[in-house]
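Residue-level listing of the chains:
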Number of protein chains: 2
Amino acid sequence: MAERQRPLIFVGNDDGYQAGGLKYLSDIARQYGDVFVAAPTLHQSGKSSALTVETPLRAKLVAEEAGFAMYHVNGTPVDCIKLALNYLVPRQPDIVLSGINHGYNSGNSAIYSGTMGVTFEGSFLGVPSIGFSYGDYGAEPNFSPCEPVVRRMIELAIAGKLPTDVCYNVNIPKCDKVNGTKVVAAAPGRWTEEYDRRTDPHGRAYYWLTGRYVPSDPDNENQDLYWLQRGYATVVPCRADQTARDFIPAISGII
Amino acid sequence: MAERQRPLIFVGNDDGYQAGGLKYLSDIARQYGDVFVAAPTLHQSGKSSALTVETPLRAKLVAEEAGFAMYHVNGTPVDCIKLALNYLVPRQPDIVLSGINHGYNSGNSAIYSGTMGVTFEGSFLGVPSIGFSYGDYGAEPNFSPCEPVVRRMIELAIAGKLPTDVCYNVNIPKCDKVNGTKVVAAAPGRWTEEYDRRTDPHGRAYYWLTGRYVPSDPDNENQDLYWLQRGYATVVPCRADQTARDFIPAISGII
């Protein structure tokens, strides 16, 4: 009888193939299975589930050894995983991981997140799909506080214990050691002061993206921001399908 | 007593400020209120809720008359509405419209759609927010079959009859006259054959985005593709927040 194959773990991200968080995540993943990385050539933060439509993609193999391969692709985070699944991977992955993102994807940031774009794409495969984000915005974060949370999620995925009707948005606070992990909802809120208006040397206005997230209910214990601020990691189960099924009957009655 | 102000209707899109669908939608909207358009300078299909992070934005006023203004912005669909709400609009809009997109945003395409990116952004304001897409892929579509559906949605929004806990993904089939409107879920499915692989004159591979959507349950009457194929418009109520709240208790027990 053939030996059982090691699981194939796909790893993507949005910070680009040279990001420290990607290396940290794929190094842990390699302890659990064969790892296939396809990540953007350049930094692709805030790219959501964007696709490259107007220009063609290219993929470049940058590392290959037993049980490990890594490509970079000149597109968005979702381009990378889609192209990989169509042409690059040796077989369909058993697990999809994304990150570790340099910075949070908490509150409503998930909708803008390329890390979560990859994770939603993984969920279409019907396999466990997990995005990781770490609340450290420094140039060279120390990702070691993420290790127990990342291992726990990978081990649950390999054991077949994570429901695959949903995917997972995991945020980890910058700290020495996380206090625990809470399964919660994304904190609703609004971005304010989203652009910094400046004037160029020719007297014309230009605008840089910036902004501050104001949660609508900051003391709510059922939301991710509450626990991140208290040193806990958070897991938000998510669906790529945004249909609000509970509203279909009422709206059918109106339209 | 001051005369009641006409509603301010924000209109965005992803096909760019010169698209026929944008003009068609904003011309109808102007019959119901003051209209403010902020749309991408260039074609931005498939941009989801992507943000421009690495470069600054600029906005250019291209039309202004009583009750109407139009800017184009050198960014994504969501950049346009965010920048408009922060710096360009005379007051906060009462309604957000997006489209009319040239092509469907049915099935799981909503997650990749810039038209829906604008619509989700509108939903964060707590006002009725509606994205329209038309199943005509020609160079100069005739949008007139969309008119009754667009009017009905705008009139319901102005009458305060559309719940604002959700936003609306409206698809309209290419036809002479729509058979009716159905409130349904987005059809789940998978994209296949997503890239066309070619070889450049130097012998290197490149890949164009293409693909075919395969719904997992094509005969399901509760899904948008079923009705679009039968000449009906579809309305899918959607939430920007992708939290799967129904899975929180079960996953709390695992992690």
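Up top is the structure these notes are about.
Residues numbered from 1 in each chain as written. Chains lettered and ligands numbered in written order. Predicted model: local features only at pLDDT ≥ 70, side-chain atom pairs only at ≥ 80, totals over all residues.

**Here we look at the overall build of chain A**
Broken down by element type, chain A carries six helices and 13 strands. If you line up chain A on its principal axes, its C-alpha atoms span 65 × 50 × 50 Å. Looking at chain A residue by residue over its 255 residues, the buried ones come to 53%. Counted over contacts in chain A with a minimum sequence separation of 6, partners at least 24 positions apart contribute 75%. (Helix = DSSP H or I, 4+ residues; strand = E, 2+ residues; numbered from the N terminus. Buried ≥ 20, exposed ≤ 12 C-beta atoms within 10 Å, placed from the backbone. Contact = placed C-beta atoms within 7 Å.)

**Some details on the interface of chain B and chain A**
The partner chain A presents 60 residues to the 60 residues of chain B that form the contact. Elements supplying a minimum of two residues to the side of chain B that touches chain A: α2 (77-88), β8 (181-183), β10 (195-199), β11 (205-209), β13 (233-238) and α6 (248-252) of chain B. Looking at the side of chain B that touches chain A, its residues break down into 37 nonpolar, 12 polar and 11 charged. (Nonpolar A, V, L, I, M, F, W, Y, C, P; charged D, E, K, R; others polar.)

**Details of helix α3 (residues 114-123) of chain A**
Residue and element names in this part refer to chain A. In terms of burial, α3 is largely enclosed, as 10 of its 10 residues are buried. The set of residues buried in α3 consists of G114, T115, M116, G117, V118, T119, F120, E121, G122 and S123. Structurally, α3 contributes buried residues whose contacts are with β1 (8-12), α2 (77-88), β5 (95-102), β6 (129-134) and β7 (167-172).

**Quick look at the sheet that holds strand β1 (residues 8-12) of chain B**
Residues and elements named next belong to chain B. One open sheet accounts for nine strands, arranged β3-β4-β2-β1-β5-β6-β7-β13-β8; its pairing is mixed. Unpaired on one side and paired on the other, β3 (59-65) and β8 mark the two borders of the sheet. Looking at each pair of strands side by side, their axes are set apart by 20° on average, direction ignored. Of the pairings in the sheet, the one linking β1 to strand β5 (residues 95-102) comprises four bridges and is parallel in character. Paired with V11 across the strands is L97, a residue of β5. This element, helix α1 (residues 20-29), spans β1, β2 (34-40), β5 and β6 (129-134) of the sheet and lies at about 145° to β5. The strands that helix α3 (residues 114-123) touches are β1, β5, β6 and β7 (167-172); relative to β6, the one it contacts most, it runs at about 165°. (Pairing = 2+ DSSP bridges. Axes fitted to C-alpha atoms, helices over the stretch in contact; angles between N-to-C directions.)

**Remarks on the sheet that holds strand β2 (residues 34-40) of chain A**
Residue and element names in this part refer to chain A. The sheet built from nine strands is open, its strands ordered β3-β4-β2-β1-β5-β6-β7-β13-β8 with mixed pairing. Of all the strands in the sheet, just β3 (59-65) and β8 (181-183) have a single pairing partner and so form its edges. Strand-to-strand twist in this sheet, taken as the mean axis angle between neighbours without regard to direction, amounts to 20°. Running at roughly 145° to β5, helix α1 (residues 20-29) makes contact with β1, β2, β5 and β6 of the sheet.

**A look at the relation of the copies chain B and chain A**
The transform that puts chain B on chain A rotates by 180° and translates by 0.0 Å along the axis, for an RMSD of 0.0 Å. Between the two chains, the operation in question is that of a two-fold axis. In this assembly, 100% of the residues forming the interface of chain B have copies in chain A that are likewise at the interface, indicating an isologous arrangement. (Least-squares fit on C-alpha atoms with pLDDT ≥ 70 in both.)

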